[in-house]
Amino acid sequence: MTLAPAITDIEQLKSHPALARLIGWNRAAVQAVKFDREELTIWVDRGVIREVCSILRDDPACPFNYCCDVTCVDWYPSEPRFEVVYHLLSIPTKERVRLKARLDGSSPVVESVTSVWPAAHNFEREVFDLFGVRFSGHPHLERIMMPDNWEGHPLRKDYPVEGYR
Amino acid sequence: MVLNMGPQHPSTHGVLRLVLEIDGETIVRIMPDIGYLHTGIEKTCEAKFYQQVVPMTDRIDYLCPLTNNLTYCLAVEKLLGLEIPPKAQWIRVLLNELTRINSHLVWLGTHAMDLGAMTVFLYCFREREDILRLFEMVSGQRMMTSYFRIGGLALDPPIGFFERVKKFADRFPGNVDEYEGLLTGNPIFKMRTKGVALLSKEDAIALGATGPTLRGSGVDIDLRRDAPYSGYENFKFEVPVSTEGDVFARYICRVQELRESIGIVQQALAGMPEGPTKADAPKVVLPDREKMKTQMEALIYHFKIITEGFAVPAGEVYQAVESPRGEMGYYVVSDGTAKPYRVHMRGPSFANLQVLAKMCEGRLIADVVAAIGSIDIVLGDVDR
C-alpha cells in the first residue's frame, strides 16, 4: 500500500495550468493548495469564487468549460464550518481541478456560479437544500430534494441520521 | 394551461414530476420537480463502515449497479493506495461492459415502447434476462450485485462462467442487428426522433450534459478512453460521436455503444490473465473462507474487519467513471477513521436533467416523451 505524500507547497505546483492561471491573475486569492493522490485542490477566498471560476472557464490554454459537481462538506464543530467544493473538468485538455471555498457556520453565503456554468443550477439547489448554504444570484434557489415545507438541513452533521418527523 | 406530468407516469422512467406550462400542444415552460426517490443515501453512508457502503452504492443508479460499485471501490482504493491484481481488473471491466449493455437494453426497450414500438421491449428484455442470469451466476444476485469490493472482487467467478459469457457474446451482435432492423430504418421512428429535442454543442457543455447526451451533440469525450481506470487502457474500442444533437443521434450513439461493449467483452474473455482476485492487504480485504476457518490470523483479521472496519488515511478523492449515462463521480472524504466522513455521488442523470428545459421548450408535448427517453435518466441517480 504505497501512497505518495501530499504536496502543499505552491512553488512546487505552480506549473499546473489552473494554478498558474490563478497565480498570474491574483496571487492573494489562492489561500492554500494541495496535490494529493494525483488530484489538485485549491482553496480560494470565498469573495472571489465566481471571478475565479469565470477566469478558469475562459482560460485559452486550458479552458475549464465543464462543471462536474458542486457540493459541500460540513466540518462541524470546527470553524470555518462549511467547505463548498467545485469539481471542474477541461474537456479539450482533460485536466481536472478541485476548488474549495470555506464558509462560516453562522452565515454561509457564497456567490452562485450559475452565470459561469448553467450546469451548477441543480447542484447549488441541492447544497442549499441539504446544507443550508445560500448562493446569492442563483435564479431559483429553492429546496430540490426535500419537500418544500421541510425544516432543517439533513446533511449537516448536527442533524440526526435516524429519527421521526 | 398548466399540466402536471405527475410522478406516477409510465413514460417518465421513474418518479419524475414535470410541470408543463402549455399553450395548445406547444410547451412554454417545463419545470422538473424531483426528490420523490430521495432516501438519504449520502447521509446513511456517513454512519457505516467503508465496506458496508458498497451495497448502498448498488441502489443509486439501479440499472448499472456494478458501475456504482466500481466507482466507489476505485475511490476508496485510491484513498488507501491499494494495488488491484490484473485478473480482478479485467473481470471488473468485463462485468462493467455487461452492465453497460444491460442498461442500454432497458433504455432501448423502454424508449422504443414510449414511442410506440412495443415489440422492441420484449426483444431487449430477452437479452437482459440472459445477462441477469450471468450476474446471478457470479454474485448470487440478479440486480443489486455488490460484487466488486474494496480490494478486488467478493468471490472468484464460478467454473463455467466465462464459457456462458462467451456464448452470450457470440450471439449478441446478431441481436443488435435485430433491434436496428426494427428501428433504425423505420420511417415512423425516424419521424419521431429526427430533428426532435435538439441540443447544441455549447448548450450541452454549459448545461452539464454527460455521456451519450453529450456525445450525441458532437463532443468527443469518454472517460474510459481519456482517463482510463481499472485496466481500460488495455482494450481497443471506438467511441461513437454524432453531431446532429437530436434524439436519433443519441439513439445511434447508444446502439453503437452496444456493439463496442460486446467487443470489449470479447477482448476481456480472450486475454483474461491468471492470478488472485483480491488485493494483498490482509487488514482491508476479507480472507478466503477456508483460510478463515483454519488459520488463526485470518480469523482475527476477518473479525476485526467486520466489527471495526479498517481505518483509511485522511484525504479526499473524486473518482469519475463512464457509466452508461455519463460521468458518474464519487467524492469520498476521509478523516482517518473507519467510517467515511462524506460520500457524495455525482449522478450523471442529475446533471442531464437540466438539458430537458432547453430541449423541450417550444416543442410539442409528445416530444417531451421522446426527449426524456433520449437522455436516459434513472431517478435513483437523480435523487439518491
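Note that this is a predicted model, so its numbers are computed, not measured.

Trainee: Looking at this structure, how should I read the pairing of strand β3 (residues 66–74) of chain A?
Mentor: Regular strands have side chains that alternate between both faces of the sheet. Residues and elements named next belong to chain A. Buried residues dominate β3, accounting for nine of its nine residues. Across eight bridges, β3 lies against strand β4 (residues 82–89) in antiparallel orientation. Bridge pairing in β4 links Val73 to Glu83.

Trainee: Help me understand the sheet that holds strand β2 (residues 39–44) of chain A in this model?
Mentor: Within a beta sheet, neighbouring strands are joined by backbone hydrogen bonds and run either parallel or antiparallel to one another. All names here are of chain A. The strand order across the open sheet formed by five strands is β1-β2-β5-β4-β3, and the pairing between neighbours is mixed. Of all the strands in the sheet, just β1 (30–36) and β3 have a single pairing partner and so form its edges. Neighbouring strand axes in the sheet, compared pairwise and without regard to direction, differ in orientation by 20° on average. Across four bridges, β2 lies against strand β5 (residues 96–103) in parallel orientation.

Trainee: Would you mind going over the interface of chain A and chain B with me for this structure?
Mentor: How big an interface is tends to be expressed through the accessible area that disappears when the partners come together. Between chain A and chain B, the residue contacts involve 29 residues of the former and 38 residues of the latter. Elements with a minimum of two residues in the side of chain A that touches chain B: β3, β4 and α4 (120–131) of chain A. Considering only residue class, the side of chain A that touches chain B consists of 17 nonpolar, six polar and six charged.

Trainee: What exactly am I supposed to notice about the environment of Arg125 of chain A here?
Mentor: Residues and elements named next belong to chain A. In this structure, Arg125 sits in helix α4. A count of 22 C-beta atoms within 10 Å places Arg125 in the buried class. Between the alpha carbons of Arg125 and Arg143 there is a distance of 6.3 Å; along the sequence they are 18 residues apart. Excluding anything up to four places from it in sequence, Arg125 contacts Leu141, Glu142 and Ile144.

Trainee: Please clarify how the pairing of strand β6 (residues 315–323) of chain B should be interpreted in this entry.
Mentor: Residues and elements named next belong to chain B. For β6, a buried count of nine out of nine residues is recorded, marking the element as mostly surrounded by other parts of the structure. Here β6 shows a buried face lined by Gly315, Val317, Gln319, Val321 and Ser323 and a second buried face lined by Glu316, Tyr318, Ala320 and Glu322. Relative to strand β7 (residues 326–334), β6 runs antiparallel, the two sharing nine bridges. Within the sheet, the bridge partner assigned to Tyr318 lies in β7 and is Tyr331.

Trainee: Is there a simple way to think about the sheet that holds β7 of chain B in this case?
Mentor: Residue and element names in this part refer to chain B. With antiparallel pairing, three strands are arranged side by side in an open sheet as β6-β7-β8. Every interior strand has two partners, whereas the edge strands, β6 and β8 (342–346), have only one. Across the sheet, the axes of successive neighbouring strands diverge by a mean angle of 10°, strand direction being ignored. Judged from the five bridges that link them, β7 and β8 form a sheet pairing that is antiparallel. The partner of Val333 across the bridge, within β8, is Arg342. Helix α3 (residues 65–80) rests against β6 and β7 of the sheet, and its axis sits at about 150° to β6.

Trainee: Even after reading the chapter, I still don't get the nonpolar core, so can you show me in this structure?
Mentor: One broad trend across soluble globular proteins is that nonpolar side chains are buried collectively. Residues Val84, Leu88 and Val133 of chain A together with Val76 and Ala371 of chain B are the most contacted members of the largest nonpolar core, which totals 158 residues. Each residue touching Val84 of chain A, except ones within four places of it in the same chain, is listed here: Val70, Cys72, Lys100, Ala101, Leu103, Val110, Val127 and Val133 of chain A.

Trainee: What am I meant to see in unusual backbone geometry here?
Mentor: All names here are of chain A. In this model, Tyr76 is joined to Pro77 through a cis peptide bond whose omega is 0°. Secondary-structure assignment places Pro77 in the loop between β3 and β4. Across the junction of Glu79 and Pro80, the peptide omega takes the value -5°, indicating a cis bond. The topology assignment puts Pro80 in the loop between β3 and β4. Within the chain, Glu38 stands out as a residue other than glycine whose phi angle is a positive 60°. Relative to the helices and strands, Glu38 resides in the loop between β1 and β2. At Lys94, a residue that is not glycine, the phi angle is positive and equals roughly 60°. The topology assignment puts Lys94 in the loop between β4 and β5.

Trainee: Just checking my understanding: could you explain the environment of Tyr318 of chain B for this structure?
Mentor: Position of Tyr318 of chain B among the secondary structure elements: in strand β6. We classify Tyr318 of chain B as buried; it has 23 C-beta atoms within 10 Å. Excluding anything up to four places from it in sequence, Tyr318 of chain B contacts Glu39, His87 and Arg98 of chain A together with Gly329 and Tyr331 of chain B.

Rules used throughout
- Residues numbered from 1 in each chain as written.
- Chains lettered and ligands numbered in written order.
- Predicted model: local features only at pLDDT ≥ 70, side-chain atom pairs only at ≥ 80, totals over all residues.
- Buried ≥ 20, exposed ≤ 12 C-beta atoms within 10 Å, placed from the backbone.
- Helix = DSSP H or I, 4+ residues; strand = E, 2+ residues; numbered from the N terminus.
- Pairing = 2+ DSSP bridges.
- Axes fitted to C-alpha atoms, helices over the stretch in contact; angles between N-to-C directions.
- Contact = placed C-beta atoms within 7 Å.
- Nonpolar A, V, L, I, M, F, W, Y, C, P; charged D, E, K, R; others polar.
- Core = buried A, V, L, I, M, F, W, Y, C linked by C-beta atoms within 7 Å.

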